[in-house]
Amino acid sequence: MTVTVAIVGRPNVGKSTLFNRLVGRKIALVDDTPGVTRDRREAEGRIGDLRFKVLDTAGYEDKTDGSLEDRMRQQTELAIRDADVILFMIDARAGVTPLDERFAQVLRRAGKDVHLIGNKAEGKAADPGLMEAYSLGFGEPVALSAEHGLGLADLHAIVSKAVDAAAEKAAAEEALADDQMPEVDVDLPVDDGSTEEGPAKRWDPRRHLNVAIIGRPNAGKSTLVNRMVGEERLLTGPEAGITRDSILVPWEYGGRVINLVDTAGMRRKSRIEQKLEKLAVSDSLRSIQYAEVVVLLLDAQIPFEKQDLALADLVEREGRAMVIAVNKWDTIEDKNAKLAELREQCERYLPQLKGIPLVTVSGLQGRNIDKLMQAIFAIEARWNSHVSTARLNRWLSGMTESHPPPAVSGRRLKLRYMTQAKIRPPSFILFCSRPEAVPNAYQRYLVNGLRDAFDMPGTPIRLWLRGGKNPFDKSEK
């Protein structure tokens, strides 16, 4: 049984810094600006030999007016509900604030295992704040410095106690279940799945899939993820740019674990001025590199903007499989005409991804999510395509016969041999007489031919040219 530890507190007390310290990586954005974290983020935490789930939360604001801060407060309260252990963090150098006192009342009503953490406790300046923290009613505060890693031994003791309690509870439940099993006096045959051919094979679960949702601000990425997982897991609202951290949300679909990654909206580089937005965009770019399939989410009212095309080109250059999803489809009246227009624009603006899947969805109403997942699985299969060397060279022979490579500087180019070097994305090596002289247009001709001949539409394909002879051509030896 995994213990869940939630880090909570008012804004700018160092929750994300402690989260990164426990996870062992800087995956949560950290800045001096208050209120950087908005969504709750979860990851595996470690202190020595202990393993547990840790939740990072937004800074608590005492608002109930439907504002962004109010919605952030609701996300924090959901984290409190799901947690086994609450680390209530205050700024030891600033002392206890009125907001700390109001939040303490909320935590007392929650009835959870709450431990008071006095962060930024390095140096004597924190001593008065630590003494004042007793007034919150949670006993002796743990003096901690998340930035410098001080006080982790005390956190180890807290989490270790919770892990032991969870293990005892699980053992008691298992014993109770065994006691309630009916006694059987006869020997019953046990069906272990074995056949005459031999013992049954152990079930091998399909591998998880990492899917990043990217797009411009206010395209509806967080809303779509919420509808996919069936709960209000991510913060949403009419304001553009709510999401800052890239949040991973595990989701099971069709018996397979899908790691959905919601990312911050990305504007054109010239429009990004604030340091915090730069950090958020950098986090989104890292999510693209982490992903296997990327869903580029467009706004049906203003699709294929310049930034959309730049993001599509970026994903192609990173070699990731991609699906284009057109969101807010419920706002379109003449759907057939709009769909035909979108397909024409897709072929015209993205020739390097000829045949890329395009799916219309409504994140608000949850429409066509099954179609989106079918497109994701299909493009993933193409992204993992492998073509045998024999088939490749038969295809290459036909391509050169129908359209021979041009003569460059009066000398004919010889395409000798092709093989596939790797998958994810499909990458091919073409051995030829003068690699540097093969025109780009002819390389595109070959890449498009690979897509058409081996059923890889919309898949990024890598073609590398190498000099050398065909190792299987005896006439050249």
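Preceding block: the structure.
Structural notes, computed from the coordinates. What you are looking at is a predicted structure, and each value in this text was computed from that prediction instead of being measured.

1. Re the pattern of salt bridges
Alright, step 1. The tally for this structure, following the rule as stated, stands at 18 salt bridges.
Alright, step 2. Between glutamate 77 and arginine 73 there is a salt bridge, and its shortest N-O distance comes to 2.9 Å. Here glutamate 77 and its partner arginine 73 are both found in helix H2 (residues 68–82), four residues apart, which amounts to about one turn of the helix.
Alright, step 3. According to the relative accessible area criterion, glutamate 77 is partly exposed, its value standing at 30%.
Alright, step 4. Classification of arginine 73 as buried rests on a relative accessible area of 10%.

2. A look at the side chain of glutamate 380
Alright, step 1. Here glutamate 380 is to be found in helix H10 (residues 369–383).
Alright, step 2. For glutamate 380, the side chain forms a polar contact with the side chain of arginine 256, separated by 2.8 Å.
Alright, step 3. Ignoring sequence-local partners within four residues, the contact set of glutamate 380 consists of Leu209, Arg256 and Val293.

3. Description of the packing of aromatic side chains
Within a pair of aromatic rings, the relevant descriptors are the distance that separates the centres and the angle that separates the planes.
Alright, step 1. A complete count under the given rule lists nine aromatic pairs for this structure.
Alright, step 2. Both rings, one in tyrosine 253 and one in phenylalanine 377, keep their centres 6.2 Å apart while their planes meet at 40 degrees; by these two values the pair is tilted. Highlighted residues: tyrosine 253 in strand E8 (residues 247–253) and phenylalanine 377 in helix H10, separated in sequence by 124 residues.
Alright, step 3. Judged by centre distance (5.2 Å) and plane angle (50 degrees), the ring pair of tyrosine 442 and tyrosine 445 falls under tilted. With tyrosine 442 and tyrosine 445 both in helix H12 (residues 440–453) and three residues apart, this pair spans about one turn of that helix.
Alright, step 4. For the cation-ring pair, arginine 348 lies above tyrosine 349, with the distance from its terminal atom to the ring centre recorded as 4.6 Å.

4. Structural notes on helix H9 (residues 335–349)
Alright, step 1. Its 15 residues give H9 an end-to-end C-alpha distance of 21 Å, which sits within 8% of 21 Å, the value for a rise of 1.5 Å per residue.
Alright, step 2. Residues of H9 that are buried: Lys338, Leu342, Gln345 and Cys346. The arc that holds the buried residues of H9, viewed along the axis, is 100 degrees, so those residues lie on one side.
Alright, step 3. On its buried side, H9 packs onto strand E11 (321–327) and strand E12 (358–360).

5. Some remarks on the sheet that holds strand E4 (residues 85–91)
Alright, step 1. Here we have six strands laid out as an open sheet, ordered E2-E3-E1-E4-E5-E6, and mixed in their pairing. If you trace the sheet from one side to the other, it starts and ends with strand E2 (41–47) and strand E6 (142–143), each paired once.
Alright, step 2. Sheet topology note: the strand E5 (residues 113–119)/E6 ladder contains two bridges and is parallel. Looking at the pairing, isoleucine 117 lines up with valine 142 of E6.
Alright, step 3. Those strands touched by helix H1 (residues 15–23) are strand E1 (4–9), E2, strand E3 (50–56) and E4, and its axis lies near 55 degrees from that of E2.
Alright, step 4. Contacting E1, E4 and E5, helix H3 (residues 98–110) crosses the sheet at an angle of about 170 degrees to E4.

About the cut-offs
- Residues numbered from 1 in each chain as written.
- Predicted model: local features only at pLDDT ≥ 70, side-chain atom pairs only at ≥ 80, totals over all residues.
- Heavy atoms only, no water.
- Salt bridge = Lys/Arg side-chain N within 4 Å of Asp/Glu carboxyl O.
- Helix = DSSP H or I, 4+ residues; strand = E, 2+ residues; numbered from the N terminus.
- Buried < 20%, exposed > 50% of the residue type's maximum accessible area, 1.4 Å probe, protein only.
- Polar contact = N/O pair within 3.5 Å; in protein donor to acceptor, adjacent residues only side chain to side chain.
- Contact = heavy atoms within 4.5 Å.
- Phe/Tyr/Trp six-rings, centres within 6.5 Å; stacked < 30°, edge-to-face > 60°.
- Lys NZ or Arg CZ within 6 Å of the ring centre and 35° of its normal.
- Expected span 1.5 Å × (residues − 1).
- Arc of directions from axis to C-beta.
- Pairing = 2+ DSSP bridges.
- Axes fitted to C-alpha atoms, helices over the stretch in contact; angles between N-to-C directions.

It is worth stressing that arrangement in space is one thing and function is another; only the former is reported here.
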